Amino acid sequence: MITIQHNVSLKKFNTFGIDAKAKYFISVSNKQELIEALQLSQFSDYFILGGGSNMLITKDIDIPVLHIDFKGKVIGPPNSQGEVIVNIQAGENWHEFVLWCIENGYGGVENLSLIPGNVGTSPIQNIGAYGVELKDVFVGCSAIDIETQEEKMFFLEDCNFGYRNSIFKNEAKGKYIIISVAFKLTSKSHKLNTSYGAIQQELESNNITDPTIKDVSDAVIAIRQRKLPDPKEIGNSGSFFKNPVIPKAAFEILQSKHSTVPHYVMSDTEIKVPAGWLIEQCGFKGKRFGDAGVHKNQALVLVNYDNATGAEILALSKKIQETVLEKFNIAIEAEVNVIG
Ligand code: EPU
């Protein structure tokens, strides 16, 4: 049985800590409740809320907010190679899931430690960090079609995963609610990915030569804690912008002026440049404008020190985009969903 709450503050439901109001708020913890909510005859459109970690809410929300709060984990038996399929309900917190994997000896998600948000929203932007992306462990997800309320499975090949991208940001956008995600993990012979420079350095500085999945997770946690603000302390949504991918010719011009520009070669013709570096070069790192600001250790992250409104953070993001465009002739795109 569902209940509709009225005028609920969303401050604790979005990691930016924006105090917008939901005119109607409905929390659903299983498929039956979700379908019941979707069939309410007085509403035709819904705002789907998961962990609230990748959104900037710039105004109150008048359509019903559906809070997806499904909990639970199902573990399949290991196959002969020691791989297990785990099926995780959408409302489980992502980092708690990672810690549970480490505790139970399941490898594959340790590089994705401390990413804010819930399991159910992880496929939408194909979360990624330190050389691993969700797609590397993803088997499939189950979703409810908002219009028909039918359940549909999306397998790896259906999802068109790309850098911070998937079918759920494109053709399937706004059409489905993910209710559970299945992952393929290792229970032995873990394939560790420590190729990312910062992880190697962290392990070396702790004299770890033969790391376990816990060592890798601990290294990632330590790196992230140094660089990224904890949303429980300072509101933020992780990287606010995507790293732009630019043509090689444009990159060569940039590099001729700034020889130290960090970059990743994507292909023979394209180079990815860290937006954090571009923003820092424009002088924004650590700057504060009222309660909106740019994090002092990672310029890619915008922060809400306390009571910034979504509109104030959005205005800052636009100012940053304009300045980067003016100085470098590179357009940087928001990674977070701007609501409103
Ligand atoms: N850099 C700067 N100044 C800054 C920030 C970064 O010069 O203020 C430089 C760094 O020195 C480094 C390069 O930019 O040479 C890359 O920095 P970092 O390794 O911190 O990674 P990133 O490209 O800034 C991406 C993801 C992060 C993820 C890290 C590690 C995106 C948009 N962001 O950041 O993801 O944790 O790599 O894999 O791709 C997130 O999505 O919320 C997130 C935090």
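An account of the accompanying structure is given in this report. Since the structure is predicted, the reported quantities are computational estimates derived from the model, not experimental observations.

## Description of the sheet that holds strand β10 (residues 138-145)
Strand order in the open sheet made by the five strands is β6-β7-β12-β10-β11, with antiparallel pairing throughout. A single partner strand is all that each edge strand has here, and the edge strands are β6 (73-75) and β11 (151-155). The average undirected angle you get between the axes of adjacent strands in this sheet is 20°.

## Looking at the packing of helix α3 (residues 197-205) against helix α4 (residues 213-227)
Interhelical geometry of α3 versus α4 gives an angle of 110° and a closest axis separation of 9 Å. Taken together, the axes of α3 and α4 are roughly perpendicular relative to one another. Across from A198, I199, E202 and L203 in α3, the residues of α4 making contact are D215, V216, A219, V220, A222, I223 and R226.

## Some points on the site of the ligand
Around the ligand there are 23 residues in total, and Y130, Y163, K227, E280 and A299 lie nearest to it. One of the backbone N or O atoms of A299 is found 2.7 Å from an oxygen atom in the ligand. Burial of the ligand by the protein chains amounts to 83% of its free accessible area of 810 Å². Elements represented by at least two residues in the shell around the ligand include exactly α4, β13 (235-239) and α6 (275-281). Counting residues per element, the shell around the ligand draws most heavily on α6, which supplies three residues. Per-class residue counts for the shell around the ligand are 12 nonpolar, five polar and six charged.

## Re unusual backbone geometry
You will see that L114, though not glycine, has its phi angle at about 65°, which is positive. On the secondary structure map, L114 appears in the loop between α2 (94-104) and β8 (128-129). The backbone phi angle of Q149 is positive, close to 65°, even though this residue is not glycine. Of note, Q149 is situated in the loop between β10 and β11.

## Looking at the pairing of β11
Pairing between β10 and β11: five bridges, direction antiparallel. Within β11, the residue paired with C141 across the bridge is F154. Here β10 folds back onto β11 in antiparallel fashion, the turn holding five residues, of which Q149 has a positive phi close to 65°.

## Here's the deal with the sheet that holds strand β18 (residues 292-294)
The antiparallel open sheet is built from four strands, whose spatial order is β13-β19-β18-β17. Only two strands of the sheet have a single neighbouring strand rather than two, namely β13 and β17 (288-289). Pairing analysis gives two bridges linking β17 to β18, with the strands arranged antiparallel. Among the inter-strand pairings, F289 is bridged to a residue of β18, identified as A292.

Rules behind the numbers
- Residues numbered from 1 in each chain as written.
- Predicted model: local features only at pLDDT ≥ 70, side-chain atom pairs only at ≥ 80, totals over all residues.
- Heavy atoms only, no water.
- Pairing = 2+ DSSP bridges.
- Helix = DSSP H or I, 4+ residues; strand = E, 2+ residues; numbered from the N terminus.
- Axes fitted to C-alpha atoms, helices over the stretch in contact; angles between N-to-C directions.
- Parallel < 35°, antiparallel > 145°, perpendicular 65-115°, else oblique.
- Contact = heavy atoms within 4.5 Å.
- Near = heavy atom within 4 Å.
- Polar contact = N/O pair within 3.5 Å; in protein donor to acceptor, adjacent residues only side chain to side chain.
- Areas by Shrake-Rupley, 256 points an atom, 1.4 Å probe, with all protein chains shown as cover.
- Nonpolar A, V, L, I, M, F, W, Y, C, P; charged D, E, K, R; others polar.

Any functional reading would require information beyond the geometric quantities listed.
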